[in-house]
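Here are the chains, one letter per residue:
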Amino acid sequence: MKKGVMRPGHIQIRVLDMDEALKHYRDVMGLIEVDRQGDKAFLKAWTEVDKYSIILREADEAGMDFFSFKVVDEATLDSLRQDLINYGLQVTDKPAGDLPDCGRRVQFDLPTGHTIELFATKEQTGKWGVSNRNPEAWPLKLSGMRINRFDHCLLYGDDIDGVLDIFENVLGFKLAEEAVEPDGNKIALFLTCSMKEHDIAFIRQPMKDKFHHVSFILDSWDDVLKAADIISMTDTPIDIGPTRHGLTHGETIYFFDPSGNRNEVFCGGSYTYPDHPTITWDAEQLGKAVFYHARELNERFLTVVT
């Protein structure tokens, strides 16, 4: 594993109506709106030190524009940019300021059609509502689900073998968990650049560039149950849960924003170190792997993507 990619940085999600989207992400989920520019709104979770992690863009079609990882410094960004070029990928350079208070970014497309980008610099405004010195446990003014952190996303696409090669051999990620068919063909990848079981995940499907869900972490199972209550109180469309995953062991609930993009909030989950073996799930056990208690997949989870 190479060093250099630290963590998810931000994600840009397309929404159909900005006012309705903000009611959902800000008022129901509890993200903090930090900026609004043109057709975009910028939000963060309270524990995050960078100015924003979620970008909502008003558009005619729901889905994801790009997913971004933060690297340790500008020299690492230069090095990884060259590694991507040497691998044979076409990169697009986005100048500093193209996104507010964010440095230059390097974009490239995966074989699945998804756009990934890397950056090293973004204004740091600190954790929201608490000081860096003698901080309180949490801000008193949190609302909604009290989201802690933007954690990961799951993407659907065709050539996940090509994706795995790029993430392992160019970006230095580890394959923490996988699901495989009897012939060894991989149908799901859970990739990490940290101690988490996944910072990004992929499921093999015939269509390209599909967005399955964006995920946010909460403190505890009690918070997941409270999120379920809020989902019911606000008549937010639910997919499934609360339940537990077999893969990664996170405790979870899935639901939809007003544009049809799937969201997840979860707590817990396994950890991994570089010397840990990859955890493998057989395709015949995929129901239990995804929904450990029900032991079967619901149709929406397999077919509804944006």
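Here is a short report on the structure shown in this document.

Cut-off values and rules
- Residues numbered from 1 in each chain as written.
- Predicted model: local features only at pLDDT ≥ 70, side-chain atom pairs only at ≥ 80, totals over all residues.
- Heavy atoms only, no water.
- Salt bridge = Lys/Arg side-chain N within 4 Å of Asp/Glu carboxyl O.
- Helix = DSSP H or I, 4+ residues; strand = E, 2+ residues; numbered from the N terminus.
- Buried < 20%, exposed > 50% of the residue type's maximum accessible area, 1.4 Å probe, protein only.
- Pairing = 2+ DSSP bridges.
- Axes fitted to C-alpha atoms, helices over the stretch in contact; angles between N-to-C directions.

Scanning the model with the defined rule gives 23 salt bridges in all. Of the charged contacts in the structure, one is a salt bridge between Glu 20 and Lys 23, with a shortest N-O distance of 3.3 Å. Taken together, the residues span about one helical turn, with Glu 20 and Lys 23 both in helix H1 (residues 18–28) at a distance of 3 residues. Here Arg 36 and Glu 33 are joined by a salt bridge, their closest N and O atoms 2.8 Å apart. A residue is classified by how much of its surface remains accessible, and Arg 36, at 42% relative accessible area, is partly exposed. Overall, the relative accessible area of 26% leaves Glu 33 in the partly exposed class. The network of salt bridges with shared partners includes Arg 26, Asp 27, Glu 33 and Arg 36.

Strand order in the open sheet made by the 9 strands is S14-S15-S16-S13-S9-S12-S11-S10-S17, with mixed pairing throughout. Every other strand in the sheet has two partners, leaving strand S14 (238–244) and strand S17 (279–282) as the edge strands with one partner each. If you compare each strand with its neighbour and ignore which way they point, the axes differ by 15° on average. Pairing analysis gives 4 bridges linking strand S10 (residues 174–180) to S17, with the strands arranged parallel. Following the sheet pairing, Glu 177 is matched in S17 by Ile 279.

Any functional reading would require information that these geometric values do not contain.
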